[in-house]
Amino acid sequence: VQLQAYGGGLVQAGGFLRLSCAASGRTFSSYGMGWFRQAPGKERELVAAISSGGSRHYADSVKGRFTISRDNAKNTVYLQMNSLKPEDTAVYYCAAVSRLGGVTTTREWYDYWGQGTLVTVSS
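Within every chain, residues take consecutive numbers counted from 1 along the sequence as written. Selection of residues for local features in this predicted model requires a pLDDT of at least 70, selection of side-chain atom pairs for listing and counting requires 80 or more, and totals for whole chains, interfaces and linings are taken over all residues. Side-chain metrics in this entry use all non-hydrogen atoms of the structure; hydrogen atoms and water are not considered.

Quick word on the sheet that holds strand β1 (residues 3-6)
Line of reasoning, step 1. The strand order β1-β3-β8-β7 describes an open sheet built from four strands, whose pairing is antiparallel. Across the chains shown, the open sheet's two edge strands, defined by having one partner strand only, are β1 and β7 (66-71). Averaged over all pairs of adjacent strands, the angle between their axes in this sheet comes to 15°, without regard to strand direction.
Line of reasoning, step 2. Here β1 pairs with strand β3 (residues 17-23) via four bridges, running antiparallel. Each residue of the ladder has a partner; that of glutamine 4, found in β3, is alanine 22. For two strands to be treated as a pair, DSSP must find at least two bridges joining them. Numbering of helices and strands runs from the N terminus; a helix is a DSSP stretch of H or I covering at least four residues, while a strand is a stretch of E covering at least two. Angular values range over 0 to 180 degrees, each being the angle between N-to-C directions of two axes fitted as lines to C-alpha atoms, with helices fitted over their stretch in contact.

As for the pairing of strand β5 (residues 45-50)
Line of reasoning, step 1. Counted residue by residue, β5 has five buried out of six residues, so it is predominantly covered.
Line of reasoning, step 2. Across five bridges, the pairing between strand β4 (residues 32-38) and β5 is antiparallel. Note that in β5 the partner of phenylalanine 36 across the bridge is leucine 46.
Line of reasoning, step 3. Linking β4 back to β5 in an antiparallel pair, the connection comprises six residues, with glycine 41 at a positive phi of about 80°.
Line of reasoning, step 4. Two strands pair when backbone bridges link them, and β5 and strand β6 (residues 56-58) are joined in this way by three bridges, in the antiparallel orientation. Bridged to alanine 48 within β6 is tyrosine 58.
Line of reasoning, step 5. Joining the antiparallel neighbours β5 and β6 is a turn of five residues, in which glycine 54 adopts a positive phi near 100°. For the exposure calls, accessible area comes from a 1.4 Å probe over protein chains only, and a residue counts as buried if that area is under 20% of its type's maximum, exposed if over 50%, partly exposed in between.

Re the environment of serine 51
Line of reasoning, step 1. Note that serine 51 resides in the loop between β5 and β6.
Line of reasoning, step 2. Accessibility expressed as a relative area gives 2% for serine 51, which makes it buried.
Line of reasoning, step 3. Once the C-alpha coordinates of serine 51 and glycine 102 are considered, the two residues, 51 residues apart in sequence, prove to be 5.7 Å apart.
Line of reasoning, step 4. The contact criterion used is simple: two residues touch if any of their non-hydrogen atoms lie within 4.5 Å. Setting aside residues no more than four positions away along its own chain, serine 51 makes contact with Tyr31, Gly32, Arg70, Gly101, Gly102 and Val103.

Section: the pattern of salt bridges
It is possible for side chains bearing opposite charge to pair when their charged atoms get close.
Line of reasoning, step 1. Put simply, a salt bridge is a Lys or Arg side-chain nitrogen that is within 4 Å of an Asp or Glu carboxyl oxygen. Taken as a whole, this structure holds five salt bridges when the rule is applied.
Line of reasoning, step 2. A salt bridge links arginine 37 to aspartate 88, with the nearest nitrogen and oxygen atoms 2.9 Å apart. In this pair, arginine 37 sits in strand β4 while aspartate 88 sits in the loop between β8 (76-81) and β9 (90-97), placing the two residues 51 residues apart along the sequence.
Line of reasoning, step 3. A salt bridge links arginine 65 to aspartate 88, with the shortest nitrogen-to-oxygen separation between them at 2.7 Å. Note that arginine 65 is positioned in the loop between β6 and β7 and aspartate 88 in the loop between β8 and β9, a separation of 23 residues in sequence. Both residues of the pair, arginine 65 and aspartate 88, belong to the buried class.
Line of reasoning, step 4. Three or more residues are tied together by salt bridges with common partners; here these are Arg37, Glu45, Arg65 and Asp88.

Section: the state of the cysteines
Line of reasoning, step 1. Only a pair of cysteine sulfur atoms within 2.5 Å qualifies as a disulfide here. For the structure on display, the rule yields one disulfide.
Line of reasoning, step 2. The disulfide that involves cysteine 21 links it to cysteine 94, with 2.1 Å between the sulfurs. In this structure, the disulfide formed by cysteine 21 and cysteine 94 twists by about 60° around the S-S bond and is classed as right-handed. Of this pair, cysteine 21 sits in strand β3 while cysteine 94 sits in strand β9, and the two are 73 residues apart along the sequence. Each member of the pair, cysteine 21 as well as cysteine 94, carries the same accessibility label: buried.

As structure tokens, this is what we get:
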């Protein structure tokens, strides 16, 4: 599986962005998908994840502001980010895990990673 993330950019605090991650392959629907982010000097952390069945998980820091969704017909997963804060500034990565069932929240279990897309939120 190859993943291509895009949609990052510079936005003012309170603004919004939508990230997209396009996946290759014909079995996209069977993969769990996740969005991670890594700020300078910090570890890569899970932002949101969605299972093959559509169950979702969010980090506490983004609950109520971010929404993860997937369109299996388009082999794409999205991250809608609203009410952005300066602390959301990071490189955002999408990832895929070959696992059916519930949401995968463990970073090390993800099998495939896309290149990052930079999100910068100015104050």
